[in-house]
Amino acid sequence: MNPAAAASHAATRPAQYSDDALWAAVRAEGNRQEAQLELIASENHTSREVIAAMGTVLTNKYAEGYPGKRYYGGCEHVDVVEDIARDRAKQLFGAAHANVQAHSGTQANIAALMALLKPRDKVLAMSLDHGGHLSHGHPKNFSGVFYEFHSYGVERGSERLDMDKVREQALAVRPALIMAGASAYSRLIDFAAFGAIAKEVGAKLLVDQAHIAGLVAGGVHPSPVPHADVVTMTTHKTLRGPRGGLVVCNDENLAKAINSAVFPGGQGGPFMHVIAAKAVALREALDPSFARYAKQVVANANVLAQTLAGRGLRIVSGGTDNHLMLVDVTPMKLTGKDAENLLHAVDLTCNKNLIPYDQNPPVKASGVRLGTAAITSRGLGEDHMRLLGGWIADVLANPTDTSVAARVRREVAELTRAFPIYA
Ligand SMILES: *Cc1c(COP(=O)(O)O)cnc(C)c1O
């Protein structure tokens, strides 16, 4: 390269890592993750290999289309990447077809709805106030704008789904599609019952296993794949991969409709670097160690819930079968917002959350949602859950006592230092 060309090359491609302000913020976020215990139920700590895959030259590549049928040249290597990711997804979830291109869980749901429905068709899904998701019919979301959503919820006393009630509603609404899956439901979901109801009313069944994908992969939650027409999920929650969506199904015609609904239906070029990271995470999830991880996530949630209940907090539905719990903080005369702030002040990160039949508006809420996926990834076990539950109860029972907060904050710091995420 002649000197002038080299200079202009250097001008357009500055030395690596010269963006000090940006990298300072990235480092600070890394330090935050190390120093806090992450109890947000939808988050996790991925492996270094997942992060490495995202930081590769694959981000440079346009690959609209699917392996072997692309609209751009030079796709011979990214085709291999996408085939590896699809094969692993099929193997992990026992499905005949997989689409790994959806940029997020919401994008996966948009594709599934487009593949399964005509605009304005009726859908029966879980109420957002009882733990459903925005992409299950929120009036401002694509789903609520283009389809007619009806909702089912949990029972007042048990705070659980009653499948007889869901069936009655399905018979009354006669939806074209039933959706199952939630963002804040701590009990096993009976996918076989949903499948039977869908058959009886002539509806399709879409299961959104966003939160529990890793638990299904690890064998600690029954799989929806044998019962659902389509299963969507996120790859970044319990599945512990990069941020993204994934769709699996068994029917070949549906698979074609989903591929076309993802691209060109709702997206342009796939994020090949993210698909590579999904492939890494799927390989990790196929390893026997992942089943042990999933089991530990559930065991930890169970002990944390029991510890909190033993200290006077109310666990919605009386406990948990999965990685999360809703904690009603009204026995402590607090709102969910208060509790979120009090816990954040001692380096415990979580989110306020509506509880079923909540008397408070969503900006305050009466509960917090706690999950164990991330803290289990950094190596915490059941004994730590007893400590953690004690700290949470100490802080929430003594909201104005700064000495309690200072002591808990020190103990959290000690524990996070003993269990680094990226040692
Ligand atoms: C998190 C979640 C999603 C959406 O995920 P995004 O990647 O944030 O779009 C969809 N459905 C359910 C049930 C979820 O919990």
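Residues numbered from 1 in each chain as written. Predicted model: local features only at pLDDT ≥ 70, side-chain atom pairs only at ≥ 80, totals over all residues. Heavy atoms only, no water.

Asks: Could you give an account of the pattern of salt bridges, naming the residues involved and the relevant values?
Replies: The tally for this structure, following the rule as stated, stands at 19 salt bridges. Its salt-bridge partner being Glu38, residue Arg32 comes within 4.0 Å of it at the nearest N-O pair. Residue Glu38 is classed as buried on the basis of its relative accessible area, which comes to 4%. The partner of Arg386 in a salt bridge is Asp383, with the nearest N and O atoms 2.7 Å apart. Remark: Asp383 and Arg386 occur in helix 15 (residues 382-397); sequence separation between them is 3 residues, near one turn of the helix. Relative accessible area serves as the criterion here: at 55%, Asp383 is assigned to the exposed category. (Salt bridge = Lys/Arg side-chain N within 4 Å of Asp/Glu carboxyl O. Buried < 20%, exposed > 50% of the residue type's maximum accessible area, 1.4 Å probe, protein only. Helix = DSSP H or I, 4+ residues; strand = E, 2+ residues; numbered from the N terminus.)

Asks: Give me the domain arrangement of the protein: which residues, what numbers.
Replies: Entries for the protein in the domain assignment read domain 1 (57-286) and domain 2 (292-418). Contacts between the two partners involve 22 residues from domain 1 and, on the opposite side, 25 residues from domain 2. Of the roughly 2000 Å² buried between domain 1 and domain 2 on both sides combined, carbon and sulfur atoms contribute 55%. Of all residues in domain 1, Glu159, Ser186 and Arg187 bury the most surface against domain 2, accounting for 30% of the area lost on that side. (Domains from an automatic or database assignment. Contact = heavy atoms within 4.5 Å. Buried area = accessible area lost by both parts, 1.4 Å probe.)

Asks: If you had to explain the site of the ligand to someone new, which residues and values would you point to?
Replies: Close contacts around the ligand come from 14 residues, with Gly105, Thr106, Ser183, Asp208 and Lys237 the closest. Side-chain polar atom of Ser183 to an oxygen atom of the ligand: 2.7 Å apart, as the coordinates give it. Between Lys237 and the ligand, the recorded distance is 2.8 Å, taken from a side-chain N or O atom to an oxygen atom. Surface burial for the ligand is 86%, taken as the share of its 390 Å² of free accessible area covered by protein chains. By residue number, the principal contributor to the shell around the ligand is helix 5 (residues 105-116), which donates 3 residues. Residue classes in the shell around the ligand are distributed as 2 nonpolar, 10 polar and 2 charged. (Near = heavy atom within 4 Å. Polar contact = N/O pair within 3.5 Å; in protein donor to acceptor, adjacent residues only side chain to side chain. Areas by Shrake-Rupley, 256 points an atom, 1.4 Å probe, with all protein chains shown as cover. Nonpolar A, V, L, I, M, F, W, Y, C, P; charged D, E, K, R; others polar.)

Asks: Tell me what's going on with the pairing of strand 9 (residues 230-234), and back it up with residues and numbers.
Replies: Side-chain positions along a regular strand alternate between the two faces of the sheet. Of all 5 residues that make up strand 9, 5 are buried, and the element is covered over most of its length. The side-chain alternation of strand 9 yields two buried faces, one formed by Val230, Thr232 and Thr234 and the other by Val231 and Met233. Looking at chain direction, strand 8 (residues 204-208) and strand 9 are connected through 3 bridges and run parallel. Within the sheet, the bridge partner assigned to Asp208 lies in strand 9 and is Thr232. Here 5 bridges tie strand 9 to strand 10 (residues 245-249), and the two strands are oriented antiparallel to one another. The partner of Val230 across the bridge, within strand 10, is Cys249. (Pairing = 2+ DSSP bridges.)

Asks: Residue-level account of the packing of helix 4 (residues 76-93) against helix 11 (residues 272-286), with values.
Replies: One way to put it is that helix 4 packs onto helix 11 with a least axis distance of 9 Å and a crossing angle of 35°. At the point where helix 4 passes helix 11, the crossing takes the left-handed sense. Mapping the contact onto sequence places Val78, Val81, Glu82, Ile84, Ala85, Arg88, Ala89, Gln91, Leu92 and Phe93 in helix 4 and Met272, Ile275, Ala276, Ala279, Val280, Leu282, Arg283, Ala285 and Leu286 in helix 11. The residue makeup of the contact of helix 4 with helix 11, split by class, is 15 nonpolar, 1 polar and 3 charged. (Axes fitted to C-alpha atoms, helices over the stretch in contact; angles between N-to-C directions. Left-handed = near helix turned anticlockwise from the far one by under 90°.)

Asks: Let's hear about the sheet that holds strand 8: which residues, and what values?
Replies: Read from one edge of the open sheet, 7 strands run 4-10-9-8-7-5-6, paired in mixed fashion. Looking at strand neighbours, the two that pair on one side only are strand 4 (97-99) and strand 6 (148-152), the edges of this open sheet. Averaged over all pairs of adjacent strands, the angle between strand axes in this sheet comes to 20°, irrespective of strand direction. Each of strand 4, strand 9 and strand 10 touches helix 4; the most contacted strand, strand 4, lies at about 125° to it.

Asks: Now, about helix 10 (residues 252-266): what can you tell me, with residues and values included?
Replies: Between its first and last C-alpha, helix 10 extends 20 Å over 15 residues, near the 21 Å set by a 1.5 Å rise per residue. Residues of helix 10 that are buried in the fold lie against strand 2 (65-66), strand 4, helix 5, strand 9 and strand 10. Taking the backbone nitrogen of Asn253 as reference, a side-chain oxygen 3.0 Å away marks Asp251 as the first, capping residue of helix 10. (Expected span 1.5 Å × (residues − 1).)

Asks: Could you give an account of helix 15, with specific residues and numbers?
Replies: Along an α-helix, residues three or four positions apart point the same way, because every turn accommodates 3.6 residues. Taking 1.5 Å as the rise per residue, helix 15 with 16 residues should run 22 Å; its terminal C-alpha atoms sit 22 Å apart, in good agreement. Turning to helix 15, its buried residues are His384, Met385, Leu388, Gly389, Gly390, Trp391, Ile392, Ala393, Asp394, Val395 and Leu396.

Asks: Talk me through the packing of aromatic side chains; I want residue IDs and the actual numbers.
Replies: Tallied over the full model, the rule gives 7 aromatic pairs. Their ring planes at 65° and their centres at 6.0 Å tell us that Phe142 and Tyr147 sit as a pair that is edge-to-face. Residue Phe142 is classed as partly exposed on the basis of its relative accessible area, which comes to 23%. On the accessibility criterion, Tyr147 (7% relative accessible area) is buried. Here the aromatic residues Phe142, Phe146 and Tyr147 are joined through ring pairs into a cluster of three or more. When the ring centre of Tyr357 is taken as reference, the NZ or CZ atom of Arg156 above it lies at 4.1 Å. Of note, Arg240 hangs over the ring of Tyr293, and the distance from its end group to the ring centre comes to 4.2 Å. (Phe/Tyr/Trp six-rings, centres within 6.5 Å; stacked < 30°, edge-to-face > 60°. Lys NZ or Arg CZ within 6 Å of the ring centre and 35° of its normal.)

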